[in-house]
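One-letter residues, chain by chain:
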2 protein chains.
Amino acid sequence: MKKIINAPADVVTDALRGMAAAHPDRLRVHLEPDFVTRVDAPVSDKVAVVSGGGSGHEPLHVGFVGSGMLDAAVPGAVFTSPTPDAVQAAVREVDGGAGTLLVVKNYTGDVLNFETAAELAEAEDIGVRTVVVQDDVAVRDSTNTAGRRGVGGTVLLEKIVGAAAARGHDLPSCHEIAERVSAGVRSMGMALTAPTVPHVGEPSFELADYEMEIGVGIHAEPGRERVELESADRIVRRLLEPILEDLPFREGDEVLLFTNSMGGTPPTELYLAHGVAERFLAERGVRVTRRLVGPYITSLEMQGMSFTLLKLDDELRQLWDAPVSTPALTW
Amino acid sequence: MKKIINAPADVVTDALRGMAAAHPDRLRVHLEPDFVTRVDAPVSDKVAVVSGGGSGHEPLHVGFVGSGMLDAAVPGAVFTSPTPDAVQAAVREVDGGAGTLLVVKNYTGDVLNFETAAELAEAEDIGVRTVVVQDDVAVRDSTNTAGRRGVGGTVLLEKIVGAAAARGHDLPSCHEIAERVSAGVRSMGMALTAPTVPHVGEPSFELADYEMEIGVGIHAEPGRERVELESADRIVRRLLEPILEDLPFREGDEVLLFTNSMGGTPPTELYLAHGVAERFLAERGVRVTRRLVGPYITSLEMQGMSFTLLKLDDELRQLWDAPVSTPALTW
């Protein structure tokens, strides 16, 4: 295992210490239980947006804490759900009296632990609503998941609902917007290499030099199929066709195209794939009017990528365009 | 070779097409010769800041084109200097009448080609000054370099001199500021794995599973030594001690600490190393008042990292803090 770390068991805590040192003007980092809040939390009378999940997908979620996006993020151990008490502590810290929206990726552990945390928070008279993101069209009922996995759509949802909360939408309205994003977003990914979890010390799966995994999950869960490496043109088609089939994208629909690196894929390859995807969608009459390109939801050092398409309407587009200021996403 | 590409020879052009599609509101992408300008270039009466070099280090330089940073970037083939005519064409496109500052990393091909481009531009009555960045303390007279290599300091210099130009500094003043940054910046890097150049198809060097390269260059040039993998604490010390020895950093000095991923190193490891570095510097009385953490000058998919320290004064700090809006750096 080749990593720049000290003790494998301390990786998440040590990384959080580094985040605290790097962003003293933006973030407050709490340890035991581990969670990260924006430095000015709680923001009075604003709906708090809180997310979390296993570490190893950075910048998701800790890099998205800040004005216009998340009030708090709760990182678990690598690829492991955070505990309910950590989520509860984060909610208690950031709730500004207008309630809290929990953004949860659909993995069984996350869903259960956030559910328990919501009950604990409600017992303290904090209003809580939850949205579960399940945008991965690759497979159903995967490792540790009932239904579809939550992946890239989470990034877009956190940005958009964070903007709604910043604009003063109340909890039911934020929840409705989050559900609308969730209903209109679809993703699919692929991998060229496997990630290595620090406390495991070995790659999560084996791929031959000539193979790629189509439909891989962000915890290296198996995808739809393992096939021989192909050109970027064919890879893009393999990912976008199932997305277009799944949502009723129609000629003239307006979408946001998010081209995501799984971590180890460099910008040249990612932009190259993005360009191919734009041409593919244009040929099918899908109008891409907003874009995000970069490593925003990753799987440690895994080489690979994913596409996410979100159907936009006027309100979602305006919320996407609204200002955001976080370590990993700012405009 | 595992990459998401079509023909290896077309990687740079295909990636530029993707950048054009991804950032229509920010960038204008020119092909044959290849260069990228801010969408509103030329900006009248502002000094133009132009950089460039071999591709494969993204986001450097193309991702730094935009208001408050570069007016144009000229990407060569992967790890290969751009040609003088491409640089000349970019300068002609963005010069707004106040002259152009060329930012060049110290590699023999880059220095020669930018020198020729400067002569060609001057023959067209464009005022040109050049700064050559040579901040890598690891080695002297490396592969394709006389003197020290230009690495991470380039990112900081482009941000700071871009801000000076945006504020209306004239060409001699921009050049003086650039030389001040160059004089006060030092870097050193390391690698856990080798990158693979697309048109070569094989890793640039071989490292055993238990080895790392200390002092590696961003084109995978050899460093100072190849040693057994160590803890993050020891790696940080191996990189920062030579930097501190080289510049007269003294107790009480104010510095910017830039913790850079070479591409394949994920955020957890990078933040972890950043935290260790902050403690190391604090123990030595060096005051870190500004930080940058992320993959900003990379070597394709290479796993590894580098540190850059820049001595700050009031003016440099204010220029660092000034607004910037580019695909890869915005605040």
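All figures in this text were calculated on a predicted structure; none of them were measured in a lab.

## Here we look at the packing of aromatic side chains
Residue and element names in this part refer to chain A.
Logical step 1: Taken as a whole, this structure holds 6 aromatic pairs over all chains when the rule is applied.
Logical step 2: Pairing Trp-320 with Trp-331 gives two aromatic rings, centres 5.1 Å apart and planes at 55 degrees, and the pair type is tilted. Taken together, the positions of Trp-320 in helix H8 (residues 314-321) and Trp-331 in the segment after H8 put the pair 11 residues apart, joining distant regions of the chain.
Logical step 3: Overall, the relative accessible area of 3% leaves Trp-320 in the buried class.
Logical step 4: Judged by its relative accessible area of 33%, Trp-331 falls in the partly exposed class.
Logical step 5: A cation sits over an aromatic face here: Arg-284 above Phe-280, 3.6 Å from the ring centre.

## Notes on the side chain of Thr-268 of chain A
Logical step 1: By secondary structure assignment, the location of Thr-268 of chain A is in helix H7 (residues 267-283).
Logical step 2: If we ignore the near neighbours within four places in the chain, the residues touching Thr-268 of chain A are Val-11, Ala-15, Glu-58 and Leu-300 of chain B.

## Looking at the packing of helix H6 (residues 232-246) of chain A against H7 of chain A
Residues and elements named next belong to chain A.
Logical step 1: Orientation of H6 relative to H7, taken along the N-to-C sense of each, is 55 degrees, at an axis distance of 9 Å. As judged from the angle between their axes, H6 and H7 are oblique. As for how H6 packs across H7, the hand of that crossing is right-handed. When H6 is examined against H7, the residues Ala-232, Asp-233, Val-236, Arg-237, Leu-240, Glu-241 and Leu-244 are found in contact with a partner set consisting of Leu-272, Ala-273, Val-276, Ala-277, Phe-280 and Leu-281.
Logical step 2: A per-class count over the contact of H6 with H7 returns 10 nonpolar, no polar and 3 charged.

## Topic: the pattern of salt bridges
Logical step 1: The full count for this structure, using the stated rule, is 50 salt bridges over all chains.
Logical step 2: Its salt-bridge partner being Arg-284 of chain B, residue Glu-283 of chain B comes within 3.5 Å of it at the nearest N-O pair.
Logical step 3: Taken together, the salt bridges that share partners define one network made up of Arg-38, Asp-40, Lys-46 and Asp-71 of chain A.

What counts and what doesn't
Residues numbered from 1 in each chain as written. Chains lettered and ligands numbered in written order. Predicted model: local features only at pLDDT ≥ 70, side-chain atom pairs only at ≥ 80, totals over all residues. Heavy atoms only, no water. Phe/Tyr/Trp six-rings, centres within 6.5 Å; stacked < 30°, edge-to-face > 60°. Helix = DSSP H or I, 4+ residues; strand = E, 2+ residues; numbered from the N terminus. Buried < 20%, exposed > 50% of the residue type's maximum accessible area, 1.4 Å probe, protein only. Lys NZ or Arg CZ within 6 Å of the ring centre and 35° of its normal. Contact = heavy atoms within 4.5 Å. Axes fitted to C-alpha atoms, helices over the stretch in contact; angles between N-to-C directions. Parallel < 35°, antiparallel > 145°, perpendicular 65-115°, else oblique. Left-handed = near helix turned anticlockwise from the far one by under 90°. Nonpolar A, V, L, I, M, F, W, Y, C, P; charged D, E, K, R; others polar. Salt bridge = Lys/Arg side-chain N within 4 Å of Asp/Glu carboxyl O.

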